[in-house]
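Summary of structural features
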Amino acid sequence: MHWIALRWPPEIAADAKALLPSPEALGWWALQFTPRVAWVDDEALLLEVSACERLWGGRLALMREIARLNPVPDVPVQRAQGVTSLVALARLRMFARGEQPPYELPSGLPLDTLSAARDHLEVLAHLGCRSWGDVEKLPRGGLTRRFGKALRTALDVAYGLVPDSHEWLQLPDAFEQKLELPALAEGAPELMWSANRLLAALQIWLRARQRGVVAIELQWTLDLKRLNGVTLPPHQQLTVRTAEPTQDMAHLRRLLSERLALTTLAAPASWLRLRSVETAPWAGASTSFLPEDNRKGD
């Protein structure tokens, strides 16, 4: 078994964060490398690649391809590897804080890089335990009675004594995502700023499904039920259609901006939802050296 752990650092500029797809969409993006993808601790994306790394030309080539295909080039993806998912995750955590991994793996890893040990660090420190190997040497029965089954089980997984078990991500048949706005949106520019993140997720889904979108619906939740004595609907929405299937988010962004500019918000909005209304198989754009064979216009 061989695992890769990925992390997009949360300490990024607001403009870059607006372009970062949702964690679910990042998982869809990772499915192009392996069907075994899982999120762990809401922190890192884990990929089990032992069955497919040869298809990418080996581990080093695969790591380079992951970096090259990063869905947000302005936010470098942090990467680490390991023979188990917990080792890969621990090495990623050390990399994120600028520390070099120990020579002896997994025994030399700091104890705070093991999620199951984090609630017991103080007690374990009093027992003289600073690393995974220190805890591994403790009597199994006593360790389980004192700290519960989770810590012992995690160590067994980390040392390869029992198999890794994860709930693998699945690509949905249709696209629908929503997000809470960072602040109440009172106009089209604020809605469009947050819609960019949903469009980035849509593009990942379309590429994974090999589909082109024909119609999308953008819906926003109103933060007020009544305004000036008038009862308001819970939502407002608009639908955008394209002349033909597309994966071009710049085109969709332009269409959405134009429609939103003509729309008046009944009240400030707190949530935003984007869903695919109609899609079609994606064959890509064909081009020719002969000018008369290429379509004119949009």
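That block above? That's the structure.
Residues numbered from 1 in each chain as written. Predicted model: local features only at pLDDT ≥ 70, side-chain atom pairs only at ≥ 80, totals over all residues. Heavy atoms only, no water.

**Quick notes on the sheet that holds strand β2 (residues 37–40)**
Taken in spatial order, the four strands make up an open sheet running β2-β3-β1-β4, and their pairing is antiparallel. Of all strands in the sheet, those with a lone pairing partner are β2 and β4 (78–82), marking the two edges. Taking each pair of neighbouring strands and ignoring which way they run, the sheet shows an average axis angle of 25°. Inspection of the sheet shows strand β1 (residues 3–7) paired to β4 by five bridges, in the antiparallel sense. Its bridge partner lying in β4, Leu-6 is registered against Arg-79. (Pairing = 2+ DSSP bridges. Helix = DSSP H or I, 4+ residues; strand = E, 2+ residues; numbered from the N terminus. Axes fitted to C-alpha atoms, helices over the stretch in contact; angles between N-to-C directions.)

**What about the pattern of salt bridges?**
Tallied over the entire structure, the rule returns 14 salt bridges. For Glu-217, the salt bridge goes to Arg-275, with nearest N and O atoms at 3.0 Å. Taken together, the positions of Glu-217 in strand β6 (residues 211–222) and Arg-275 in strand β10 (residues 269–281) put the pair 58 residues apart, joining distant regions of the chain. Judged by its relative accessible area of 12%, Glu-217 is buried. For Arg-275, a relative accessible area of 28% puts it in the partly exposed group. Here the salt bridges do not stand alone but share partners, grouping Glu-136, Arg-140, Arg-152 and Asp-156 into one network. (Salt bridge = Lys/Arg side-chain N within 4 Å of Asp/Glu carboxyl O. Buried < 20%, exposed > 50% of the residue type's maximum accessible area, 1.4 Å probe, protein only.)

**Concerning the packing of aromatic side chains**
Given two aromatic rings, their pairing is described by the distance between the two centres and the angle made by the two planes. Evaluation of the coordinates by the stated rule reveals six aromatic pairs. Centroid distance Trp-8 to Trp-29: 5.7 Å. Interplanar angle 75°. Geometry classified as edge-to-face. A residue pair is termed long-range when its members are at least 10 positions apart, and Trp-8 in the loop between β1 and α1 (14–19) and Trp-29 in helix α2 (residues 23–30) qualify at 21 residues. Both residues of the pair, Trp-8 and Trp-29, count as buried. Their ring planes at 50° and their centres at 5.3 Å tell us that Phe-33 and Trp-56 sit as a pair that is tilted. Placement of the pair is Phe-33 in the loop between α2 and β2 and Trp-56 in the loop between β3 (44–48) and α3 (59–68), with a sequence separation of 23 residues. Feature note: the residues Trp-8, Trp-29, Phe-33 and Trp-56 constitute an aromatic cluster, connected by ring pairs. Lying across the ring of Trp-271, Lys-178 places its NZ or CZ 5.2 Å from the centre. (Phe/Tyr/Trp six-rings, centres within 6.5 Å; stacked < 30°, edge-to-face > 60°. Lys NZ or Arg CZ within 6 Å of the ring centre and 35° of its normal.)

**Regarding the packing of helix α9 (residues 188–209) against helix α10 (residues 249–261)**
Their axes nearest at 10 Å, the elements α9 and α10 cross at an angle of 150°. When the axis of α9 is compared with that of α10, the two are roughly antiparallel. Here α9 and α10 pass one another in a crossing that is right-handed. Contact residues: Ala-188, Leu-191, Met-192, Asn-196, Leu-199, Leu-202, Gln-203 and Leu-206 in α9; Met-249, Leu-252, Arg-253, Leu-256, Ser-257, Leu-260 and Ala-261 in α10. (Parallel < 35°, antiparallel > 145°, perpendicular 65-115°, else oblique. Left-handed = near helix turned anticlockwise from the far one by under 90°. Contact = heavy atoms within 4.5 Å.)

**Focus: the environment of Leu-161**
Tracing the backbone through its elements, the reader meets Leu-161 in the loop between α8 (149–158) and β5 (176–185). With relative accessibility at 55%, the residue Leu-161 sits in the exposed group. Separated by 42 residues in sequence, Leu-161 and Asp-119 place their C-alpha atoms 23 Å apart.

The values are spatial; any link to function lies outside them.
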